[in-house]
Structures are given as structure tokens and as C-alpha cells.
Amino acid sequence: MVRRVAVIGAGVGGLVSVKCCLDEGLEPICFESSEDIGGIWRYTDSMDDSRVSVYHSIITNTSKEMSCFSDFPYPEDFPSYLPHGLVLEYFRMYARHFDLLRHIRFQTTVLSVRKCPDFTTSGQWEVVTETDSVQESHIFDAVMVCTGHYQEPYLPLSSFPGIESRFKGQHLHSREYRDVQAFRGKRVLVVGIGNTGGDLSVELSRVAAKVFLSTRSNTWVLSRLSDHGFPCDMVGTTRFNHFLDWLLPSALTRRIRFRRFNSWFNHTNYGLASSKSSKFKIIVNEELPFCLLSGTVVLKPNVKEFTENSAVFEDGTTEENIDVVLFATGYNFSFPFLEESVRSIIDDNRSLYKCIFPPQLEKPTLAIIGLIQLTGSIMVGSEMQARWVTGVFAGWNKLPSPSRMMADVLKRKPPVKRNPSERENLKMSFISYTDEIAACAGVKPSVLRLLLTDPQLALAIFFGPCSPYQFRLVGRGKWSEARAAILTQWQRTLKPLRTRVVDDNSNSSSGWHWMCLLALPAALTAGFLFSKYPQPGWSPWAG
């Protein structure tokens, strides 16, 4: 019987894990190596701290309604897209509201997590921690590892001949970047075009003499703003779009998707992506296209080699007088505190059952929370994982046999180990994955059932944003205010914009009611088909 649970890390995953443990009557103790909560969202100017932190100018690329905890909406006066300070403030509000801080031991490092000698029968773990140079040993019934996947910078210098032996300029990883001041007046080469690489290129272009952005990937660039200025993820991440993805041929959905991406600007003209490309990534950045158009950022192919002061690219071109090379090449994850027999079986999240449980263990008392990269908010995915895991620990949810879990893992695991910087092995459809874990936890809403009992709510769930409140309508942890939160999410989105009210006599409410009536047959059909057949493995926002 699981009672005492060790939670490692007090970032997003750690906070929701402590809260979910308390919801299930468990006794969590969270160990956090730093002096505060927030994980990577707690910004610091210090370069001495080994902890990974966001950069100063970062803005979330998922909106507040799509990335809040499912029973704790962001304040309605918070903007839809948030700087790191407001995200951290929200975490503090969450921790205070649910009284989580008293369960967290700060400035305590976990040194080791090892199976107890009687693990095959007890499932218990010995956890050794260190606080102020004093080590302490604890016995726990279960462990939730919540250290995420932004841990160790991935810096593939061996892939760039000359960067260490010949190049006289400075090179660094984006983890070391805090603000633009150190780059003023310099010629900067940014390597890597993920969200970080795009953000930093735009920001540096305001002060640098020139910014070059090198990429080997086909990349589609999206804006946070969608139709009529609403958040892109609220408009696009819907169960209706997800249903169309499942219903239509993949070649057709791909064409539709590329056409929509190109409706903002032609990506081929900008050298970013072609509609013929089979492999690509998607980033969110409103300013990058204009920077490319204005020449403040110049797009380049992959770097072939470096000389003393220049970069030679694979297309044969050379850029001279490069002062700084900034590698935005991502991160590796690691769990150095886990015993070797456990650590060695975790290659990536597909080594884990449902990306959470190591299936080889005799007892399912170790869970990895947040080792995922979704096409939506990781906060929502981590919370859903924690709800299911604590339900398993408390005995409400049951896992299949180890052999069945292992078979499921082998079916999903890619045959070839990928480059750590290529995060396809972590990226999954937000709706598919969250629904999958919600179904395991018994909290997935049924659109078909709601159509018969609450048509207004059913239509909002099916055609509106797939917001986290949907997963508080039924099952354990049901929240009495979930329905109201869903039906008022658009009002909360608009509230921070109402700082200057402009009269508008147009009334679109009647159009919405007609749309709902016309959509009813489609929703009924979709609800029936989704109950009969498996759902797709990716959404319109998958990369």
C-alpha cells in the first residue's frame, strides 16, 4: 500500500504532483535543490547557478486558457500570453491556494534513489538527500521524478569542424543567454531554429550589427494570433479539428495545413519550408518573418565548418567577421540520482509505459512526470500524468501486467535511436495524449453523453478550445466550477483587452446559435465514431 511519496523537483510537475498526492490522501514530501518553486520559469540573472532558467524576454507560446491547471484558472486580468514573471506569480498563487509549500523541502538535493532490498514485494525506495552538507536517508513507498527534460545543454561541437580548434570568436549555448547587452554591435550567428533560436534571433537583431540564423530543418512559422485576433491555440486546438484529422486522408490534411501556414506568408520565398517537405518543425514567432523581410536577420543553411573568423555553410557561401556563435540546440535529460539498473532502461519517453512508468520494474512505484513535449501546454499534460499516477498509487487506477506494458512500449518505440537535439521522440499530439491519459484515469469527458444531457456544453467542448477544464467534468477530482469555466473562457481571454472600450453595434450571438444548431449532427456523428474507433496519433498542430 503506497502512503509516503517522494516528489523530486518543485517546478510545474512537482507542484501538481504534490497537489494530486494530497487529493488522493497520500503523504508527499517534495525535494527541491534551489530555494524556491518554479523550475525553469524562475528567472535568474546569475550565470553561476547550474539550474536552467528561461531568458529574460520570454513570452509563453501557449495561451493562459490552454495552459492553466485544470481546477485553477489564471486570473482574468492576466494577458493571454504571459512573461515569466506572471507565470511564476501564478505558480505561487496555486501553491498558496492548495497549501503546497509546507510539503516542500527547499535547498535539498536528491543524491540517490535506489530500490530497497525487499523491492520485489514492498516496492519501496531508499532516497538519500543532502541539505547544508548533511546527508539523510529516507524510505518511501513511491517516487515521482519531476525534473523535466530541460536539464543538460546539448552542445554538439563535434558536428561543427573548427569551432573549437580554429574559431577565434566566442561560442556559447542558449542556456547562458540572459539579455542582449553582451551582443550589442556584434555579428552573431544563431545555430538552430526552434522556438528559442527564433526568439533570440529576433531579439538580437535589435542591437547586433547583423544576425545570421542557421538551420538544417524545414520550418513553418506560426503566429500566436489567429482569426480575429484570438489566441492561435484556442482557435486551432479543438476536438472538431482533431476529428477532421482522423476522418480525412493524411495527404489531404497535410495539404490543408500547409495552405493555412502559407496564407500568412509564403514560406518557400523566405527559404523556410516547402510544401513538398516530408519532415519539418513548427515554431511560434510573429516577428521573425518581418526580420527576414527587413534583412535584420538573414537565414542560412547548416554550417559546414568554421575558420578563424568566419562560418562556411553547406551551400558554399561564407559569412565573414563572426563575433559570436550562439547554439540554440536544445537539451538532454538525465536522472543521475537513479540507480544504474533503472537509469539505463530510460532512453527517452518511449521507453516508458504511457511515457511515465518504466515497465520492467516489479512494482509500478516509480513515475517520470513531464518527460513529454506536446503540441500544446506541458503544464496540462504533466497535471494529467500526476492525476493518473497518484490514482494508481492510491489503488483507484490499475495498470496492465508488466508484459502487456512492455509490449505496448515496444510497439511505440522507434527502431533507431535519434539525435538528442531532434525532439520528435518527445513530441506528441496534445489532444491525443491528454485524452489517452485521461481515459486511463477515468476523467475523459464523453461528447456523445453530454449531447444528450447538456448540448450547450457538448458543443463548446467539441467545437471550442480543448481547454484543461474539460478534464474536471467527470470522474475523481471532478470540479463543480468546470462547466462555468468552459463557457466563460472567451470572456476571460478578452477581459485584459478591455482597457479602452469601443462601441460596436454588431451582434454575432445569433450567428453563434445558428452555427450550434447546424453543428449538432456533426457533433453527434463524431461522438459516435470516436466512441467506436481509435483516435489519431497527432493533431493539426503536430510537427
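Everything numeric in this text was worked out from a predicted model, so none of it was measured. (Residues numbered from 1 in each chain as written. Predicted model: local features only at pLDDT ≥ 70, side-chain atom pairs only at ≥ 80, totals over all residues. Heavy atoms only, no water.)

> Would you mind showing me how to read the overall build of the chain here?
Counting its regular elements, the chain contains 18 helices and 22 strands. Whereas a compact globule of 543 residues would reach a radius of gyration of roughly 24 Å, the chain reaches 24 Å, a difference of no more than 12%. If you line up the chain on its principal axes, its C-alpha atoms span 70 × 65 × 45 Å. Within the chain, the proportion of its 543 residues that are buried is 53%. When the accessible surface of the chain is split by element, carbon and sulfur atoms take 52% of a total near 24,600 Å². Charge centroids of the chain, computed over 59 positive and 54 negative side chains, lie 7 Å from each other. (Helix = DSSP H or I, 4+ residues; strand = E, 2+ residues; numbered from the N terminus. Rg over C-alpha atoms; globule rule 2.2 N^0.38 Å. Buried < 20%, exposed > 50% of the residue type's maximum accessible area, 1.4 Å probe, protein only. Areas by Shrake-Rupley, 256 points an atom, 1.4 Å probe, with all protein chains shown as cover. Lys, Arg positive; Asp, Glu negative; His and termini not counted. Charge placed at Lys NZ, Arg CZ, Asp CG, Glu CD.)

> For this particular structure, what's the right way to read the packing of aromatic side chains?
The description of an aromatic ring pair rests on the distance of the ring centres and on the angle between the ring planes. With the rule as written, the count across this model stands at 33 aromatic pairs. Consider the rings of Phe243 and Phe462, whose centres lie 6.3 Å apart with planes at 55°: the pair is tilted. On the criterion of sequence distance, the pair formed by Phe243 in helix α7 (residues 239–247) and Phe462 in helix α15 (residues 455–463) is long-range, its members being 219 residues apart. Accessibility classification places Phe243 together with Phe462 in one group, the buried group. Centroid distance Phe335 to Phe337: 6.4 Å. Interplanar angle 65°. Geometry classified as edge-to-face. Residue class for Phe337 comes out buried when judged on its relative accessible area of 8%. Between Arg4 and the ring centre of Phe140, over which it is positioned, the NZ or CZ distance is 4.5 Å. (Phe/Tyr/Trp six-rings, centres within 6.5 Å; stacked < 30°, edge-to-face > 60°. Lys NZ or Arg CZ within 6 Å of the ring centre and 35° of its normal.)

> Even after reading the chapter, I still don't get the domain arrangement of the chain, so can you show me in this structure?
Interface size is often expressed as the accessible area that is lost when the parts come together. By the assigned domains, the chain splits into domain 1 (4–151 + 333–412 + 423–428) and domain 2 (154–330). On the side of domain 2, 17 residues touch domain 1, which itself brings 23 residues to the contact. When the two sides are added together, the surface that domain 1 and domain 2 hide from each other amounts to roughly 1,600 Å², 51% of it contributed by carbon and sulfur. Our count for the domain 1 to domain 2 interface comes out at zero salt bridges. Linking domain 1 with domain 2 are nine residue pairs in polar contact (both at pLDDT 80 or more), by the criterion used here. (Domains from an automatic or database assignment. Contact = heavy atoms within 4.5 Å. Buried area = accessible area lost by both parts, 1.4 Å probe. Salt bridge = Lys/Arg side-chain N within 4 Å of Asp/Glu carboxyl O. Polar contact = N/O pair within 3.5 Å; in protein donor to acceptor, adjacent residues only side chain to side chain.)

> Before we go on, may I ask you to explain unusual backbone geometry in this structure?
Comment: phi is negative for the bulk of residues other than glycine, and the bulk of peptide bonds are trans. A positive phi is found at Gln107, a non-glycine position, where the angle reads about 50°. Tracing the sequence through the fold places Gln107 in the loop between β3 (104–105) and β4 (109–115). Positive phi is not limited to glycine here, since Cys355 has a value of about 65°. Checked against the element boundaries, Cys355 lands in the loop between α10 (340–343) and β20 (366–368).

> Mind showing me how you'd approach the pattern of salt bridges here?
It is possible for side chains of opposite charge to pair when their charged atoms get near one another. Counted under the stated rule, the structure contains 23 salt bridges. When the shortest N-O distance is used, the salt bridge between Arg166 and Glu305 registers 3.0 Å. In this pair, Arg166 is assigned in the loop between β8 (152–153) and β9 (170–173) and Glu305 in strand β15 (residues 303–306), connecting sequence segments 139 residues apart. On the accessibility criterion, Glu305 (28% relative accessible area) is partly exposed. Salt-bridge contacts for Arg343 lead to Glu340; the nearest nitrogen and oxygen are separated by 2.6 Å. In this pair, Arg343 and Glu340 are both assigned in helix α10, three residues apart and thus about one turn of the helix distant. On the basis of relative accessible area, Arg343 is assigned to the partly exposed category, the value being 30%. By sharing partners, the salt bridges in this structure join Lys19, Asp23, Asp71, Glu383 and Arg472 into a single network.

> When you look at the nonpolar core in this model, what are you seeing that I'm missing?
The nonpolar side chains of a soluble globular protein tend to be buried with one another. Val5, Phe69, Phe91, Met144, Leu204, Phe357 and Phe393 are the most contacted members of the largest nonpolar core, which has 104 residues in total. Of the domains in this structure, domain 1 (4–151 + 333–412 + 423–428) and domain 2 (154–330) are the two that each give at least three residues to this core. Core analysis: the second largest hydrophobic core is formed by 23 residues, Ala6, Trp125, Leu361 and Leu366 among them. (Core = buried A, V, L, I, M, F, W, Y, C linked by side-chain atoms within 4.5 Å.)

> Help me understand the confidence of the model for the chain in this model?
A low pLDDT means the predicted coordinates there should not be read in detail. This prediction gives the chain a mean pLDDT of 91; 90% of its residues lie at or above 70. Across residues 530–543, where pLDDT falls below 50, the model places 46 contacts with residues more than four positions away in sequence or in other chains. (pLDDT = per-residue confidence, 0-100.)

> How do you make sense of the sheet that holds strand β2 (residues 27–31) when you look at a structure like this?
Each strand in a sheet pairs with another by means of backbone hydrogen bonds, the pair being arranged parallel or else antiparallel. The strand order β3-β2-β1-β7-β20 describes an open sheet built from five strands, whose pairing is parallel. Here the strands that pair on one side only, and so sit at the sheet edges, are β3 and β20. In the sheet, strand β7 (residues 142–145) pairs with β20 via three bridges, with the strands oriented parallel. Across the sheet, Val143 pairs through a bridge with Leu366, a residue of β20. The strands touched by helix α11 (residues 378–394) within the sheet are β1 (4–8), β7 and β20, with β7 carrying the most contacts at an inclination of about 175°. (Pairing = 2+ DSSP bridges. Axes fitted to C-alpha atoms, helices over the stretch in contact; angles between N-to-C directions.)

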